[in-house]
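In case you want the letters, here they are:
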There are 2 protein chains.
Amino acid sequence: MDRIIENRPLARKLGTFVALSEAELRMLEGLHKQRRTFVAGRDLVHQGQADHAAYILISGWACSYKILQDGERQIVDFQIPGDFLGLRSILLHLSDHSIEPVTDIEVTEVHVSDLLDAFSRTPRLATAVLWAASRDEAMVVEHLVGIGRRDAAERMAHFLLELGARLSLIGMGSKAGYACPLTQYLLADALGLSAVHVNRVLRELREGGMLTFRDGFVKFDDYDRLVKFADFELTYLDQVEPLLA
Amino acid sequence: MDRIIENRPLARKLGTFVALSEAELRMLEGLHKQRRTFVAGRDLVHQGQADHAAYILISGWACSYKILQDGERQIVDFQIPGDFLGLRSILLHLSDHSIEPVTDIEVTEVHVSDLLDAFSRTPRLATAVLWAASRDEAMVVEHLVGIGRRDAAERMAHFLLELGARLSLIGMGSKAGYACPLTQYLLADALGLSAVHVNRVLRELREGGMLTFRDGFVKFDDYDRLVKFADFELTYLDQVEPLLA
DNA sequence: ACTGCGGGCTGATCGACATCAGTCCTCGAC
DNA sequence: GTCGAGGACTGATGTCGATCAGCCCGCAGT
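Residues numbered from 1 in each chain as written. Chains lettered and ligands numbered in written order. Predicted model: local features only at pLDDT ≥ 70, side-chain atom pairs only at ≥ 80, totals over all residues.

### Observations regarding the overall build of chain A
Definition in use: For the purposes of this entry, the term helix denotes a DSSP run of H or I that reaches at least four residues, the term strand denotes a run of E that reaches at least two, and both are numbered from the N terminus. As defined in this context, the radius of gyration uses C-alpha atoms, and a globule is described by 2.2 Å times the residue total to the power 0.38. We call a residue exposed when 12 or fewer other C-beta atoms sit within 10 Å of its C-beta, buried when the count reaches 20 or more, and partly exposed for counts in between; the C-beta positions come from the backbone. Any pair of residues counts as being in contact when their C-beta atoms, constructed from backbone geometry, are within 7 Å of one another.
Helices and strands together make up the secondary structure of chain A, namely 9 helices and 10 strands. For 245 residues, the compact-globule estimate of 2.2 N^0.38 gives 18 Å, and chain A sits close to it at 18 Å. Across the 245 residues of chain A, 43% fall into the buried class. Long-range pairs, those at least 24 residues apart, make up 72% of the contacts in chain A between residues at least 6 apart in sequence.

Below is the structure:
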């Protein structure tokens with residue numbers, strides 16, 4: 001069972017917040033059906049696509065985004081191992097956004113029927129999954145607030161801190177930093193900035209001695225100052241001990 | 001039963017998308033516990049508050065928002081009759097946002113336990129509620145995209161169109177227009193603009209012959225042109241006939 | 001009847017960020 | 001070794017929208 005937790009970022013993530021029994025872990029494992037891989041840059045799901053599948057991301061990074069008719073793109077969120085892809089839109093029967101792998105990725109397919117079945121049989125698992133969905137939504141809300149009311153530097157700092165916190169949960173990051181495959185163009189599309197301005201802001205943060213993003217690696221040079229600068233609240237990510245222990 | 005649908009904006013909204021049986025409607029009715037009223041401007045739920053209740057809005061308008069430490073406010077969404085208040089944050093046990101009535105409002109309290117109980121007993125009701133939650137999240141995402149990548153006028157047009165579509169679902173609006181109690185200050189906080197600029201943008205739209213917002217009433221002067229101008233897609237609000245009929 | 005206040009409205013000014021137009025560097029293809 | 005592509009990076013210029021300052025109107029309170 002420890003093996004499962006170690007190999008399954010999703011189990012690890014959920015386990016941080018809801019203590020799951022062996023039976024529940026097995027049920028979770030049962031959701032992982034067919035394993036598939038996708039190459040970077042080729043969409044898994046297109047905006048407007050009907051009745052697509054949902055996935056659990058095993059390895060690699062992806063992003064969900066929307067395109068406007070003038071060609072502008074807004075990235076809504078990035079997904080890292082352990083995150084669901086397209087969970088929300090399966091109930092809407094029509095995806096309102098696209099999902100693109102940022103790197104080559106590995107996923108497992110999840111059938112809606114299996115998920116609902118698992119929910120009715122193990123309510124605690126349902127709670128755990130709904131908790132994860134709530135957390136995802138809270139992150140989107142925080143992202144919205146950032147774009148609406150924070151300036152470019154605060155936005156960048158907050159975003160990279162949040163990403164770090166999420167990666168820490170699955171053992172891929174720490175307060176020191178983390179490996180990050182995002183280009184400045186991707187950051188721009190996520191933060192509502194131009195790539196040029198992303199570059200300037202990263203320089204400011206670097207020269208301010210708070211954070212260095214270089215060669216695919218984010219290094220927190222002064223974590224505490226950065227947290228204060230970005231007004232980073234991790235209430236929704238932080239949980240001292242599992243609920244429903 | 002028709003009476004229930006007519007008096008319950010929530011039943012009316014859900015009924016548009018999932019055909020509910022009499023038993024399901026009764027179950028939905030059973031969720032409405034204690035009825036309460038709140039006056040405009042006094043928060044129902046505070047950012048950081050633990051284990052607060054969830055509510056269904058019966059009459060009046062509310063908004064959910066976050067405050068940053070510099071005092072800036074970002075309104076995430078407005079709630080109209082039939083919407084849930086604080087549904088997402090009950091699973092997080094700590095509200096990450098505040099909720100304030102825009103007008104005097106009437107609500108009924110919903111107990112989490114009752115909701116989960118209803119879910120296990122009537123799966124279709126669960127689907128309907130999850131669908132509603134997904135739709136709410138889709139609106140937040142659309143809002144995020146608007147703030148990130150649309151200019152002020154498009155943002156305003158899109159926002160007022162979406163509000164109109166939502167109000168139409170509960171019989172409080174049409175393609176002609178709707179009564180709207182929002183001040184320009186509230187619009188500013190929602191759209192990430194200043195009140196001054198909101199005023200200018202409203203004037204532009206009025207002079208462009210697309211939309212008139214005056215004396216608490218939004219009038220669509222040229223609905224089709226406005227839809228085109230705002231790139232308004234209603235895929236996530238639109239549903240030709242109920243799913244799960 | 002005066003006063004204060006909240007909301008709508010407007011002009012002038014300023015700053016943050018986009019856009020345009022590049023350079024430099026690395027890496028893989030041929 | 002050259003070519004081309006993609007990503008990081010920079011300076012000059014322009015614009016969108018914020019901020020400041022102030023006016024007008026309708027309304028509630030004394």
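### Overview of the sheet that holds strand S4 (residues 73-79) of chain A
Two modes of strand pairing occur in sheets, parallel and antiparallel, and in both the strands are linked by backbone hydrogen bonds. Residues and elements named next belong to chain A. We apply this condition: Any two strands are treated as partners once DSSP identifies two or more bridges connecting them. Angles here are taken between N-to-C directions and fall from 0 to 180 degrees, while the axes themselves are lines fitted to C-alpha atoms, restricted in helices to the stretch in contact.
The sheet built from 3 strands is open, its strands ordered S4-S3-S6 with antiparallel pairing. Strand pairing shows two members of the sheet lacking a second neighbour, S4 and strand S6 (98-101), which therefore form its edges. Adjacent strand axes in the sheet meet at a mean angle of 30 degrees when their direction is disregarded. Bridge count between strand S3 (residues 62-67) and S6: 4 bridges; the pairing is antiparallel. Across the sheet, the residue bridging to alanine 62 is proline 101, located in S6. Of the strands in this sheet, S3 and S4 are in contact with helix H7 (residues 184-191), which crosses S4 at around 105 degrees.

### Structural notes on the interface of chain B and chain A
Selection criterion: When residue character is reported, Ala, Val, Leu, Ile, Met, Phe, Trp, Tyr, Cys and Pro are called nonpolar, Asp, Glu, Lys and Arg charged, and the others, Gly included, polar.
At the junction of the two partners, chain B supplies 34 residues and chain A supplies 34 residues. Elements with a minimum of two residues in the side of chain B that touches chain A: strand S4 (73-79) and helix H5 (123-149) of chain B. A per-element tally of the side of chain B that touches chain A places H5 of chain B first, with 14 residues. Tallied by class, residues from the side of chain B that touches chain A come to 15 nonpolar, 11 polar and 8 charged.

### A word on the nonpolar core
Selection rule: In this description, a nonpolar core means buried residues of the types Ala, Val, Leu, Ile, Met, Phe, Trp, Tyr and Cys, linked to one another by C-beta atoms lying within 7 Å.
Within the largest apolar cluster, 132 residues are counted, with the highest numbers of intra-cluster contacts made by Leu85, Leu144, Ala157 and Leu211 of chain A together with Leu144, Ala157 and Leu211 of chain B. Residues within four places of alanine 157 of chain B in sequence aside, it is in contact with Leu205, Met210, Leu211, Leu226, Phe229 and Ala230 of chain B.

### As for the pairing of strand S7 (residues 105-110) of chain A
Residue and element names in this part refer to chain A. Across 4 bridges, the pairing between strand S1 (residues 35-38) and S7 is antiparallel. Paired with phenylalanine 38 across the bridge in S7 is isoleucine 105. As paired strands, strand S2 (residues 54-59) and S7 are joined by 5 bridges and run antiparallel to one another. Looking at the pairing, isoleucine 56 lines up with threonine 108 of S7.

### Describing the relation of the copies chain B and chain A
Operational definition: The copies are overlaid by a least-squares fit using only the C-alpha atoms of residues whose pLDDT is at least 70 in both copies.
Expressed as a screw transformation, the operator carrying chain B onto chain A has a rotation angle of 180 degrees and an axial translation of 0.0 Å, and the superposed copies differ by an RMSD of 0.0 Å. Such a turn and shift between the copies fits a two-fold axis. Relative to the rotation axis, the closest C-alpha in chain B is found at leucine 144 of chain B, a distance of 2.5 Å. A shared binding surface is used by both copies, with 100% of the interface residues of chain B retained as interface residues in chain A.

### Side note on the protein's contact with DNA strand D
Cut-off, in case you're wondering: Using a C-beta atom placed from the backbone for every residue, we mark a residue as near a molecule or strand if that atom lies within 6 Å of it.
Taken together, 13 residues are adjacent to DNA strand D, and Gln184 of chain A together with Leu193, Ser194, Val196 and His197 of chain B come closest. Counting residues per element, the ones that place at least two in the surface near DNA strand D are H7 and helix H8 (195-207) of chain A together with helix H8 (195-207) of chain B. The element best represented in the surface near DNA strand D is H8 of chain A, accounting for 4 residues. Within the surface near DNA strand D, the residues separate by chemical class into 6 nonpolar, 5 polar and 2 charged.

### Some remarks on the sheet that holds strand S1 (residues 35-38) of chain B
Spatial strand order, S1-S7-S2-S5 (chain B): 4 strands in an open sheet with antiparallel pairing. Each having just a single partner strand, S1 and strand S5 (84-85) of chain B make up the two edges of the open sheet.

### Description of the packing of helix H5 (residues 123-149) of chain A against helix H6 (residues 152-169) of chain A
Residues and elements named next belong to chain A. Cut-off, in case you're wondering: Note on angle classes: values under 35 degrees are labelled roughly parallel, values over 145 roughly antiparallel, values of 65 to 115 roughly perpendicular, and the remainder oblique. Less than a right angle of anticlockwise turn of the near helix away from the far helix marks a crossing as left-handed, whereas a clockwise turn marks it as right-handed.
Following both chains from N to C, one finds H5 and H6 inclined at 165 degrees, their axes separated by 10 Å at the closest point. Considered as vectors, H5 and H6 are oriented roughly antiparallel to each other. Along this stretch, H5 crosses H6, giving a crossing that reads as left-handed. Contacts from Met139, Gly146 and Ile147 in H5 reach Arg155, His158, Phe159 and Glu162 in H6. In terms of residue class, the contact of H5 with H6 is built from 3 nonpolar, 2 polar and 2 charged.

### Observations concerning unusual backbone geometry
The backbone phi angle of aspartate 215 of chain A is positive, close to 55 degrees, even though this residue is not glycine. Position of aspartate 215 of chain A among the secondary structure elements: in the loop between strand S9 (211-214) and strand S10 (217-220). Looking at aspartate 215 of chain A, the number of C-beta atoms within 10 Å reads 7, which means it is exposed. The residue histidine 93 of chain B is not glycine, and still its phi comes out positive at about 65 degrees. Tracing the sequence through the fold places histidine 93 of chain B in the loop between S5 and strand S6 (98-101).

### Points about the protein's contact with DNA strand C
Contacts to DNA strand C come from 13 residues, most closely from Asp151, Leu193 and His197 of chain A together with Thr183 and Gln184 of chain B. When contributions to the surface near DNA strand C are tallied by element, the ones reaching two or more residues are H8 of chain A together with helix H7 (184-191) and H8 of chain B. With 4 residues, H8 of chain B is the largest single contributor of residues to the surface near DNA strand C. Across the surface near DNA strand C, the residue classes tally to 6 nonpolar, 5 polar and 2 charged.

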